[in-house]
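Structural overview
Spelled out from the first residue to the last, the chains are:
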Amino acid sequence: MYYYILALIVILMDQVTKWMIVTKMEYGDHLPVIENFLYITSHRNRGAAWGILEGQLWFFYIVTTIVIIGIIYYMKKLPQTQVLIRVALALMLGGAVGNFIDRLFRKEVVDFINFTNIFSYDYPIFNIADAALVVGVILVIIHTLLDGREKEKN
């Protein structure tokens with residue numbers, strides 16, 4: 001149950017921040033948070049990461065629905081002792097639902113977190129849902145590595 005609350009917190013944070021961007025900023029506006037490093041930039045994405053598959057809404061509806069169902073199914077099957085993987089899946093669930101809501105109601109995803117000049121790389125603009133998805137995937141990888149080591153010991 002706690003993991004679904006974590007997913008709900010991610011969804012709420014994601015949607016509230018996106019609502020603030022849509023209602024308070026014009027598309028393309030940017031506000032410096034840390035000059036030459038971090039900006040809040042009003043941006044829209046009609047595709048997936050880095051704008052790939054732009055305009056393929058039905059593809060995203062189908063894939064996201066399958067992912068959400070898979071995450072919920074897997075979370076129900078996991079023992080309560082598997083905390084790391086459950087947190088990872090909760091973050092991924094919240095991120096997937098957050099961006100799904102955008103695609104469903106706005107027909108595009110609102111992005112606004114804009115890091116620039118990270119090792120001379122201008123990172124793509126993203127949002128809270130994207131960040132939760134990435135952290136969730138990283139935690140799944142960590143869990144997989146730790147689980148593999150544990151199985152090797154036994």
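A few points on the structure. (Residues numbered from 1 in each chain as written. Predicted model: local features only at pLDDT ≥ 70, side-chain atom pairs only at ≥ 80, totals over all residues. Heavy atoms only, no water.)

A separate point is the overall build of the protein chain. Scanning the protein chain from N- to C-terminus turns up four helices and three strands. Going residue by residue from the N terminus, the α and β elements of the protein chain occur as α-β-β-α-α-β-α. Principal-axis analysis of the C-alpha atoms gives the protein chain an extent of 55 × 35 × 30 Å. Every one of the 154 residues in the protein chain was classed for burial, and the buried ones make up 38%. In the protein chain, of all internal contacts separated by at least 6 residues, the share reaching a separation of at least 24 is 62%. (Helix = DSSP H or I, 4+ residues; strand = E, 2+ residues; numbered from the N terminus. Buried < 20%, exposed > 50% of the residue type's maximum accessible area, 1.4 Å probe, protein only. Contact = heavy atoms within 4.5 Å.)

As paired strands, strand β1 (residues 30–34) and strand β2 (residues 38–45) are joined by four bridges and run antiparallel to one another. Bridging across to β2, Leu31 finds its partner in Ile40. If you look at the hairpin formed by β1 and β2, you'll find three residues sitting between the two strands, and Asn36 has a positive phi there, around 65°. (Pairing = 2+ DSSP bridges.)

Attention shifts here to the packing of helix α2 (residues 57–77) against helix α3 (residues 83–105). Their axes nearest at 10 Å, the elements α2 and α3 cross at an angle of 155°. By the angle between their directions, the pair α2 and α3 is classed as roughly antiparallel. Two packed elements cross with a definite hand, and for α2 against α3 that hand is left-handed. Residue-level contacts link Leu57, Phe60, Tyr61, Thr64, Thr65, Ile68, Ile71, Ile72, Tyr74 and Met75 of α2 to Ile85, Arg86, Leu89, Ala90, Met92, Leu93, Ala96, Val97, Phe100, Arg103 and Leu104 of α3. (Axes fitted to C-alpha atoms, helices over the stretch in contact; angles between N-to-C directions. Parallel < 35°, antiparallel > 145°, perpendicular 65-115°, else oblique. Left-handed = near helix turned anticlockwise from the far one by under 90°.)

Turning next to a nonpolar patch on the surface. Taken together, Met1, Tyr2, Tyr4, Ile5, Ile9 and Met13 make up a surface patch of nonpolar side chains, about 680 Å² in accessible area. By the secondary structure assignment, Met13 is in helix α1 (residues 2–24). (Patch = residues over 30% accessible without salt bridge, like charges linked within 9 Å, V, L, I, M, F, W, Y side chains within 5 Å. Areas by Shrake-Rupley, 256 points an atom, 1.4 Å probe, with all protein chains shown as cover. Salt bridge = Lys/Arg side-chain N within 4 Å of Asp/Glu carboxyl O.)

The residue Ile128 is located in helix α4 (residues 128–153) in this model. In contact with Ile128, other than residues within four places in its own chain, are Val10, Met13, Asp14, Thr17, Phe112 and Ile113.

Taken in spatial order, the three strands line up as β1-β2-β3 in an open sheet, and their pairing is antiparallel. Two strands lie at the open edges of the sheet, namely β1 and β3 (109–115), each paired on one side alone. Each strand axis lies, on average, 30° off the axis of its neighbour in the sheet, ignoring direction. Alignment of β2 against β3, held across six bridges, turns out to be antiparallel. Bridge assignment links Arg44 to a residue of β3, and that residue is Val110. Across the sheet, α1 is in contact with β2 and β3; its angle to β3 comes to roughly 90°.

Functional significance is not addressed by these values, which are geometric in nature.
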